[in-house]
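Letter by letter, the chains look like this.
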Amino acid sequence: MKDWRVFLCECGGNIGEVVDLSRLARELKGKELEILRHPFLCSPEGQDFLVRKSRRAKGVLVAACAPDLHEETFRRLLRAQGLERFRLVPIREEAAWTALSDPTAKALRLIRAGLAALKETRSPPAITLRPRPALLVIGGGAAGITAALKASEAGLTVYLLEREPFLGGKALYLDRLYPRLECASCVFSPRLSALARAERVEIFTRARLVRLSGLPGDFEAEIESQPRYVRLDRCHGCGRCLSVCPVEPPAIGWPVPHPVPKVPVINPFRCLRFKGQSCRKCEKVCPRGAIDFEDTWGRRTLRVGGVIVATGFRPYAAEKIFHYGYGRLPRVITLFDLEKAFSSGEKKPEIFKSPPERVTFVHCAGSRDRRHLPYCSEICCGLAVKASLRLKELYPRAEIYHFYQDLRLKDPEGEGLYHRARAMGIRFLRGRVAEVSEVPWSPEDEGRLLVLAEDTLLRRKIRLAVDLVVLVPGFVPELGAGELASLLGLCPGEAGFFEPRENKVDPAGTVRRGIWLAGACSGPRDLSETVASAEAAALEAVNFLSRPEILVEQSRVEWQETRCGRCYLCVELCPFKALVPAEEGLRVLPELCSACGLCVSACPSGALFLEAPEAVFFQLLAVLG
């Protein structure tokens, strides 16, 4: 039996139809080397083949696709039978898909380099941990609430962290849900109620994460809480304090529908007590002594096994799109403003001082625009069509226009919503709005807004006098996402949203083990997609934290003190903050290091190695030879 095994995967033709695998087998054939081939090594049959054929081998090399997809799968299978020496060479991405000439020759060099490194590879040191059955969920919106509920139902202790005074996030301000127009409150409120009753969930409002340290399965999280000046353990939500506050509107209250927790919060910037006056009316009327003007900032340390990030998104700041007049013209609002007006519970929302006769929705306000957002947020079109239908219900005689670039409606039900809108007389005009102005085009339009746009299908310019303009901006990451990425060692993408470890096979995972993504923090999602994503993240967390023990590999980056020039360029470049200056020169934090190799490639003196220096040397010789 030969000691070393090389498995060549055809990858369903992605590799086999471009790279001559028979030639590879002939060229690689050696005394200690056995070459094996399979059409789909990642399939159940392929995995069985890998396990069966790798028995009693010293080491295994798999030539297949990118490590992000199946390296962990193969490593887990081989480790289960006590085989630690393993290497994956991505000949699909680095040869079959990219080589301009003779991809077989390039694949051959890559495999030979991989074999040279494999024979010198040493298994990284590892420790065995018993994961803590506790989970930290950051963000109390729809995703965070769903993840917290699912994890607590599975038996985990959950700490739910929310920056705002109340849970619910953007979902609190939804009136109807896309695409079936169900009552949002009827769908979402039961989840809030269930969360308030959940025994294993501890809620922290007005709180943020300031530090996370430790290893996957055993993290130490430090959180910081702002004062709300009303004690959660005493208040029972009677609301008497709201009725006696002399400030209008009251400086104490719950400015959201369906508040959870149902405990008011005092705004210190509006409260007379914090302005130096002697007002204590709310304190005197409270039957349970819940008002606490001496409340201060506080910190608490939690021990958890994992973290779910569910910080969500926010609408792009429409004030930045100056030519649309938001914040300058009173009858220019955003779609989010309109949703808030609908969800207020009033029969005729206060935002409409008089019934609008003509309303314009401006799609892609700032989106697909290199000056603002170069991408499409995907869910805005459906939300705008839904809102226009609701507006038509309230004001049947109103003329409603949609100016769009491309309508992107999800699912057959979304298409049905579009046809329903057209049947109700809502008009859709393809073209970008150039400007919204308060200068009338003719005397009869005095007091209305002028929309200057184009109809690209009819190839003509349009001047439209309207009573209300609704801007439909795209979505961006929530405030503080960059700071959180730095704290947790996560990778933000080009648009600022958190990047999952691998979109196709691990959309909830991250580059840092023990941390998962839920909801719209990884990209714009509607409510149904958000809930599905949160349940997936909760399932991953439960699966990970319910294991009797986990194996945690220590850092695979090696530092050579004699070569290091103490420039600390590696410290500046490391996206995971895994390298820190120390008395001896440099320290690698294994809990943060993901072995990405960025520090290795940046070091000008070659003092950092992702593997043993001998392995790198032999690998280079194989590539160059």
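Scroll up to find the structure this text is about.
Note that this is a predicted model, so its numbers are computed, not measured. Residue positions within a chain follow its written sequence, with the count starting from 1. Local features are withheld for residues below a pLDDT of 70 in this predicted model, meaning they are given only at 70 or higher, and side-chain atom pairs are given and counted only at 80 or more; totals for whole chains, interfaces and linings count all residues. Each side-chain value is derived from all of the structure's non-hydrogen atoms; neither hydrogens nor water enter the calculation.

1. Let's talk about a positive patch on the surface
And then number 1: Within the patch definition used here, like charges are joined within 9 Å and nonpolar side chains (Val, Leu, Ile, Met, Phe, Trp, Tyr) within 5 Å, considering only residues with over 30% relative accessible area and no salt bridge. The accessible surface values rely on the Shrake-Rupley method and a 1.4 Å probe; as for residues, cover is taken only from the protein chains in view. The term salt bridge refers to a pairing of a side-chain nitrogen on Lys or Arg with a carboxyl oxygen on Asp or Glu at a separation within 4 Å. For the purpose of counting charges, residues Lys and Arg are taken to be positive, whereas Asp and Glu are taken to be negative. His and the chain ends are not included. The location of each charge is read from NZ of Lys, CZ of Arg, CG of Asp or CD of Glu. A cluster of basic residues, Arg52, Lys53, Arg55 and Arg56, forms a positive patch on the protein surface.
And then number 2: With respect to the secondary-structure elements, arginine 52 resides in helix α2 (residues 44–53). The numbering of helices and of strands both runs from the N terminus, where a helix is a DSSP run of H or I of at least 4 residues and a strand a run of E of at least 2.

2. Thoughts on the packing of aromatic side chains
And then number 1: Aromatic rings from Phe, Tyr and Trp, taking only the six-membered ring of Trp, are treated as a pair when their centres fall within 6.5 Å; an angle between ring planes under 30 degrees marks them as stacked, one over 60 as edge-to-face, and anything in between as tilted. Going through the model one piece at a time under the given rule, you end up with 8 aromatic pairs.
And then number 2: With centroids separated by 5.9 Å and ring planes inclined at 65°, the aromatic side chains of phenylalanine 274 and phenylalanine 293 adopt a geometry described as edge-to-face. Separated by 19 residues along the polypeptide, phenylalanine 274 in the loop between β12 (265–266) and α9 (281–285) and phenylalanine 293 in the loop between α9 and β13 (298–304) bring together distant segments of the chain.
And then number 3: By definition here, charges over rings are those cases where NZ of Lys or CZ of Arg is within 6 Å of the ring centre and within 35 degrees of the ring normal. Directly above the ring of phenylalanine 322 sits arginine 328, whose terminal nitrogen or CZ lies 4.5 Å from the centroid.
And then number 4: The aromatic ring of phenylalanine 342 is capped on one face by arginine 390, whose charged end is 5.9 Å from the ring centroid.

3. Some points on the environment of leucine 407
And then number 1: The topology assignment puts leucine 407 in the loop between β18 (399–404) and α12 (411–423).
And then number 2: You can call leucine 407 partly exposed: its relative accessible area is 25%.
And then number 3: In this structure, the C-alpha to C-alpha distance between leucine 407 and phenylalanine 428, residues 21 residues apart in sequence, is 9.4 Å.
And then number 4: Any two residues whose heavy atoms approach within 4.5 Å are treated as being in contact. When residues no more than four places from it in sequence are discounted, the contact partners of leucine 407 are His363, Cys381, Tyr418 and Phe428. Relative accessibility under 20% of the residue-type maximum defines a buried residue, over 50% an exposed one, and the middle range a partly exposed one, all with a 1.4 Å probe and only protein chains included.

4. Observations regarding the side chain of histidine 38
And then number 1: Assignment of secondary structure puts histidine 38 in strand β2 (residues 33–38).
And then number 2: Here a polar contact is recorded for every N or O atom pair within 3.5 Å, except that within protein the pair must consist of a potential hydrogen donor and a potential acceptor, and residues adjacent in sequence are included only if both atoms are side-chain atoms. At 3.1 Å, the side chain of histidine 38 and the backbone nitrogen of phenylalanine 40 are in polar contact.

5. With respect to the packing of helix α6 (residues 142–153) against helix α7 (residues 184–197)
Between two packed helices, the angle of one axis relative to the other and the distance separating the axes together describe the packing.
And then number 1: Across the interface, α6 lies against α7 with an axial gap of 10 Å and an inter-helix angle of 50°. Judged by the angle between their axes, α6 and α7 are oblique. Crossing geometry of α6 relative to α7 is assigned as left-handed. Contacts between α6 and α7 involve Ala142, Ile145, Thr146, Ala148 and Leu149 from the former and Phe188, Arg191, Leu192, Ala194 and Leu195 from the latter.
And then number 2: Only Asp, Glu, Lys and Arg are considered charged in this grouping, and only Ala, Val, Leu, Ile, Met, Phe, Trp, Tyr, Cys and Pro are considered nonpolar; every other residue, Gly among them, is considered polar. Split by residue class, the contact of α6 with α7 holds 8 nonpolar, 1 polar and 1 charged. Angles here are taken between N-to-C directions and fall from 0 to 180 degrees, while the axes themselves are lines fitted to C-alpha atoms, restricted in helices to the stretch in contact. Roughly parallel here means an angle under 35 degrees, roughly antiparallel means over 145, roughly perpendicular means 65 to 115, and every remaining angle is called oblique. We call a crossing left-handed when the near helix sits turned anticlockwise from the far one by less than a right angle, and right-handed when that turn is clockwise.

6. Remarks on the nonpolar core
And then number 1: To qualify as a nonpolar core, a set must consist of buried Ala, Val, Leu, Ile, Met, Phe, Trp, Tyr and Cys residues joined through side-chain atoms within 4.5 Å. Counting residues in each nonpolar core, the largest one holds 60 residues, and the members touching the most others are Leu338, Phe361, Leu391, Phe403 and Val469.
And then number 2: Here this core takes 9 residues from helix α11 (residues 380–394), the largest share from any one element.
And then number 3: If we ignore the near neighbours within four places in the chain, the residues touching valine 469 are Arg331, Val332, Ile333, Thr360, Val362, Val436, Leu449 and Val451.
And then number 4: Of all hydrophobic cores here, the second largest spans 41 residues; its members include Val137, Phe166, Ala508 and Trp516.

7. A short note on the sheet that holds strand β23 (residues 468–473)
And then number 1: Pairing between strands is defined by DSSP: at least two bridges between the two strands are required. The sheet built from 5 strands is open, its strands ordered β16-β23-β17-β18-β19 with parallel pairing. Each edge of the sheet is formed by a strand with only one pairing partner; in this case those strands are β16 (332–334) and β19 (427–430). Neighbour-to-neighbour, the strand axes of the sheet open up by a mean angle of 25°, direction not taken into account.
And then number 2: Strands in contact with helix α10 (residues 335–342) are β16, β17 (358–365) and β23; relative to β16, the strand with the most contacts, it is inclined by about 80°.
And then number 3: Contacts from α11 reach β17, β18, β19 and β23, with the element oriented near 170° to β17.

8. Regarding α7
And then number 1: With 14 residues, α7 ought to run about 20 Å at 1.5 Å a step, and its terminal C-alpha atoms sit 21 Å apart, in line with that.
And then number 2: Of all the residues in α7, the buried ones are Ala184, Phe188, Ser189, Leu192 and Leu195. End-on, the buried residues of α7 take up no more than an arc of 120°, which puts them together on one face. The exposed residues of α7 that point more than 90 degrees off its buried face are Cys186 and Arg197.
And then number 3: Check the buried side of α7 and you find it contacts α6, β7 (157–161) and β8 (201–204). Expected helix span is given by 1.5 Å per residue-to-residue step, counting one fewer step than there are residues. Along the arc lie the directions from the helix axis toward the C-beta atoms.

9. A word on the pairing of strand β28 (residues 579–582)
And then number 1: Here 4 bridges tie β28 to strand β29 (residues 585–588), and the two strands are oriented antiparallel to one another. Opposite leucine 579, over in β29, you have valine 588 as the bridge partner.
And then number 2: If you look at the hairpin formed by β28 and β29, you'll find 2 residues sitting between the two strands.

10. So, the sheet that holds strand β9 (residues 207–215)
And then number 1: The 3 strands are arranged β9-β10-β13 in an open sheet whose pairing can be described as antiparallel. Where the open sheet ends on each side, the last strands, each with one partner, are β9 and β13. Taken over all neighbouring pairs, the strand axes of this sheet differ in orientation by 20° on average, direction set aside.
And then number 2: Note: β9 against strand β10 (residues 218–225), 8 bridges, orientation antiparallel. Considered in β10, the bridge of arginine 208 is made with glutamate 224.

11. Quick word on the side chain of serine 152
And then number 1: As for its placement among the helices and strands, serine 152 is situated in helix α6.
And then number 2: Residue class for serine 152 comes out buried when judged on its relative accessible area of 6%.
And then number 3: Within polar-contact distance, the side chain of serine 152 engages the backbone oxygen of leucine 149 at 2.9 Å.
And then number 4: In this view, serine 152 contacts Val158, Arg200 and Val201; residues no more than four positions away in its chain are not counted.

12. Thoughts on the pattern of salt bridges
And then number 1: Within the structure shown, the criterion is met by 39 salt bridges.
And then number 2: In this structure, glutamate 202 engages arginine 300 in a salt bridge whose closest nitrogen and oxygen atoms are separated by 2.6 Å. Of this pair, glutamate 202 sits in strand β8 while arginine 300 sits in strand β13, and the two are 98 residues apart along the sequence.
And then number 3: Relative accessible area serves as the criterion here: at 30%, glutamate 202 is assigned to the partly exposed category.
And then number 4: Shared partners join several salt bridges into a network, and the residues in it are Arg208, Arg211, Glu220, Glu222, Glu224, Arg299 and Glu483.

13. So, the environment of glycine 431
And then number 1: In this fold, glycine 431 is placed in the loop between β19 and β20 (433–437).
And then number 2: Between the alpha carbons of glycine 431 and cysteine 186 there is a distance of 37 Å; along the sequence they are 245 residues apart.
And then number 3: Those residues in contact with glycine 431, other than ones at most four positions away along the chain, are Phe403, Tyr404, Glu454 and Thr456.

14. Some words on α6
And then number 1: Taking 1.5 Å per residue, 12 residues should reach 16 Å; α6 reaches 17 Å between its end C-alpha atoms and fits that length.
And then number 2: The buried count for α6 comes to 10 of 12 residues, which makes it a mostly enclosed element.
And then number 3: Taken together, the buried positions of α6 are occupied by Ala142, Ala143, Gly144, Ile145, Thr146, Ala147, Ala148, Leu149, Ala151 and Ser152.
And then number 4: Here the buried face of α6 lies against β6 (134–138), β7, α7, β8, β14 (306–309) and α14 (527–545).
And then number 5: Glycine 155 occupies a position one or two residues after α6 and carries a positive phi of about 105°.

These results come straight from atomic positions and should not be treated as a statement about function.
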